[in-house]
Amino acid sequence: MKTDSRYRELSTPIPDAMLSKGSVVLAYSSGLDTSCILVWLKEQGYDIIAYLANTGQKEDFKEARKKTLKLGAKKVFIEDVSREFAEEFIWSAIQSSALYEDRYLLGTSLARPCIARKQVEIAQREGAKYMSHGATGKGNDQVRFELTCSLLAPQIKVIAPWRMPEFYNRFKGRNDLMEYAKQHEIPIPVTPKNPCSMDENLMYISYEAGILENPKNQAPPGLYTKTQDPAKAPNTPDILKIEFKKWVPVKHPPDLLGALHVLNKVVGKHGVGRIDIVENRFIRMKFRGIYKTPAGTILYYAHLDIEAFTMDREVRKIKQGLGLKFAELVYTGFWYSLECEFVRHCIAKSQKRVEGKVQVSILKGQVYILGQESPLSLYNEELVSTNIQGDATGFININSLGLKEYHRLQSSVTAK
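Figured I'd write up the structure that's included with this text. (Residues numbered from 1 in each chain as written. Predicted model: local features only at pLDDT ≥ 70, side-chain atom pairs only at ≥ 80, totals over all residues. Heavy atoms only, no water.)

1. Description of a nonpolar patch on the surface
Then comes step 1: A cluster of nonpolar side chains, contributed by I239, Y368 and L370, occupies part of the molecular surface with about 300 Å² of accessible area.
Then comes step 2: Looking at where I239 falls in the secondary structure, it is placed in strand β8 (residues 238-244). (Patch = residues over 30% accessible without salt bridge, like charges linked within 9 Å, V, L, I, M, F, W, Y side chains within 5 Å. Areas by Shrake-Rupley, 256 points an atom, 1.4 Å probe, with all protein chains shown as cover. Salt bridge = Lys/Arg side-chain N within 4 Å of Asp/Glu carboxyl O. Helix = DSSP H or I, 4+ residues; strand = E, 2+ residues; numbered from the N terminus.)

Laid out in structure tokens, this is it:
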């Protein structure tokens, strides 16, 4: 039976503002930027799936879930990625002896590829078309999040509010965000008097922005959480024995995750692992940051020592170059690149013989190596003993051959 069009039911048009633009998985930290971005994205018509990663930071995750739902998220995923962060990312950095620009042990740059990978997994599982983050247009994190997405799920579009004119024209900076938070009753951990940005994970805790933007300003004592002021640290050292064997860098507790938690407390009370530096960001901008890495610092020195004890000199030279490259690749966001995968594989290969025990003392911000032992040591006590003399005449003659020839050439040129 044909229906007369005059009697068709007319549907009421749905206002554009009520139409969902789709689901977006927001990498949420419960801080100022992402809390405001969550509300702002909701205003733009997106369905928010908030994702909060547990990378070992001190956080009340139950309260964070309540807050996120109250702000308007349709779903909240709180994922504990601390073990994979420790065993896959932190341990790779320790094995490589990674230092960016000779001082920075890496922290946020190690966590971001771990966090972003899980974010991609959630987006794919939930059928979300978009991912979003709270990284600014001046920092490294925008690159780290988006390069991870580009490699693992290039079909997912990234919404980067701090690079969108409709966002940054409305919010000139953190002060505007704080005013927005006040208007929308968004609980935030910062104030106009204390606007520093903080990031924490199992590896470290960092502070930037606010008073730190002027490099001549001394950092307030309150920023040095996770480590005691060395001047106020105990006068008696703690002696630790650290064992390296596969995934066991300490004997008790018997896993890396537990070891990092214990070492952060023990080493942190002695003020070990503090640095205040100006670094070169990937976008060629100098920036100041304060980093506290207690467990990472002592593992760095202990591993460096056992590596020198068990690794061939020429292999170690090559490995040191690879470690520099690894630090650069991780810092700039290329964890999942082919070249970083290759470097990690080579470094892991170099570590096959690196096992043993290192005894260390920690006192007043310093780490002291007391001794080491290893069943795979290349150290030969009898060979190096000064009680047994050796003859290196041939070795010296061979190595001096080129020097003598250079002298002969220079002498003949001068004579002319």
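2. What about helix α4 (residues 108-126)?
Then comes step 1: Here α4 spans 26 Å end to end across 19 residues, near enough to the 27 Å set by a 1.5 Å rise per residue.
Then comes step 2: Counted residue by residue, α4 has 15 buried out of 19 residues, so it is predominantly covered.
Then comes step 3: Looking one or two residues beyond α4, the residue adopting positive phi is G127, at roughly 70 degrees. (Expected span 1.5 Å × (residues − 1). Buried < 20%, exposed > 50% of the residue type's maximum accessible area, 1.4 Å probe, protein only.)

3. So, the sheet that holds strand β1 (residues 23-27)
Then comes step 1: Judged by pairing direction, the sheet is parallel, and its five strands sit side by side in the order β3-β2-β1-β4-β5 without closing on themselves. Two strands in the sheet have a free side with no partner beyond their single neighbour: β3 (75-80) and β5 (157-159). Averaged over all pairs of adjacent strands, the angle between strand axes in this sheet comes to 25 degrees, irrespective of strand direction.
Then comes step 2: Pairing between β1 and strand β4 (residues 130-132): three bridges, direction parallel. (Pairing = 2+ DSSP bridges. Axes fitted to C-alpha atoms, helices over the stretch in contact; angles between N-to-C directions.)

4. Quick notes on the packing of helix α3 (residues 82-96) against helix α8 (residues 256-268)
Then comes step 1: Running from N to C, α3 and α8 cross one another at 90 degrees; their axes reach a closest spacing of 8 Å. The orientation of α3 relative to α8 falls into the category roughly perpendicular. Residues S82, R83, A86, E87, I90 and W91 of α3 lie in contact with α8, whose contacting residues are L256, L257 and L260.
Then comes step 2: Among the residues making up the contact of α3 with α8, the classes are represented as six nonpolar, one polar and two charged. (Parallel < 35°, antiparallel > 145°, perpendicular 65-115°, else oblique. Contact = heavy atoms within 4.5 Å. Nonpolar A, V, L, I, M, F, W, Y, C, P; charged D, E, K, R; others polar.)

5. Comments concerning the nonpolar core
In summary, soluble globular proteins display a tendency toward joint burial of nonpolar side chains.
Then comes step 1: Among the nonpolar cores identified, the biggest contains 72 residues, and F85, L106, I298, L299 and F326 are the most heavily contacted of them.
Then comes step 2: Among the elements that make up this core, the one with the highest residue count is α4 (eight residues).
Then comes step 3: With 28 residues, the next largest nonpolar core counts L41, Y46, A73 and L177 among its residues. (Core = buried A, V, L, I, M, F, W, Y, C linked by side-chain atoms within 4.5 Å.)

6. Describing the pattern of salt bridges
Then comes step 1: This model, assessed by the stated rule, comprises 25 salt bridges.
Then comes step 2: Across the salt bridge formed by E373 and K241, the nearest N and O atoms sit 3.9 Å from each other. A residue pair is termed long-range when its members are at least 10 positions apart, and E373 in strand β12 (residues 366-373) and K241 in strand β8 qualify at 132 residues.
Then comes step 3: Classification of E373 by relative accessible area gives partly exposed; the value is 43%.

7. Things to note about the sheet that holds strand β11 (residues 356-363)
Then comes step 1: The strand order across the open sheet built from three strands is β8-β11-β12, with neighbouring strands paired in antiparallel fashion. For this open sheet the edge positions go to β8 and β12, each flanked by a neighbour on one side alone. Ignoring strand direction, the axes of neighbouring strands in this sheet form an average angle of 25 degrees.
Then comes step 2: Sheet analysis places β11 next to β12, joined by seven bridges and oriented antiparallel. The residue bridging S361 from the neighbouring strand is Y368, located in β12.
Then comes step 3: Contacting β8, β11 and β12, helix α9 (residues 294-310) crosses the sheet at an angle of about 35 degrees to β12.

8. Digging into the pairing of β3
Then comes step 1: Two strands pair when backbone bridges link them, and strand β2 (residues 47-54) and β3 are joined in this way by six bridges, in the parallel orientation. Looking at the pairing, L52 lines up with I78 of β3.
Then comes step 2: Following the chain from β2 across helix α2 (residues 61-71) to the adjacent parallel β3, one finds a crossover that is right-handed. (Right-handed = clockwise from strand over helix to strand, strands pointing away.)

9. Some points on the state of the cysteines
Then comes step 1: Counted by the stated rule, this structure contains zero disulfides.
Then comes step 2: Looking at C36, it has no disulfide partner, and the nearest cysteine sulfur is the one in C196, 17 Å off.
Then comes step 3: For the unlinked cysteine C149, the closest cysteine sulfur is that of C114, found at 16 Å.
Then comes step 4: Using a relative accessible area of 2% as the deciding quantity, one classes C149 as buried. (Disulfide = S-S within 2.5 Å.)

10. Observations concerning α2
Then comes step 1: The set of residues buried in α2 consists of F61, A64, K67, T68 and L71. All buried residues of α2 fall inside an arc of 115 degrees around its axis, so they share one side. Exposed and facing more than 90 degrees away from the buried side of α2 are K62, K66 and K70.
Then comes step 2: Lining the buried residues of α2 we find α1 (32-43), β2 and β3.
Then comes step 3: Where α2 begins, the side chain of D60 points an oxygen toward the backbone nitrogen of K62, at a separation of 3.3 Å. (Arc of directions from axis to C-beta. Polar contact = N/O pair within 3.5 Å; in protein donor to acceptor, adjacent residues only side chain to side chain.)

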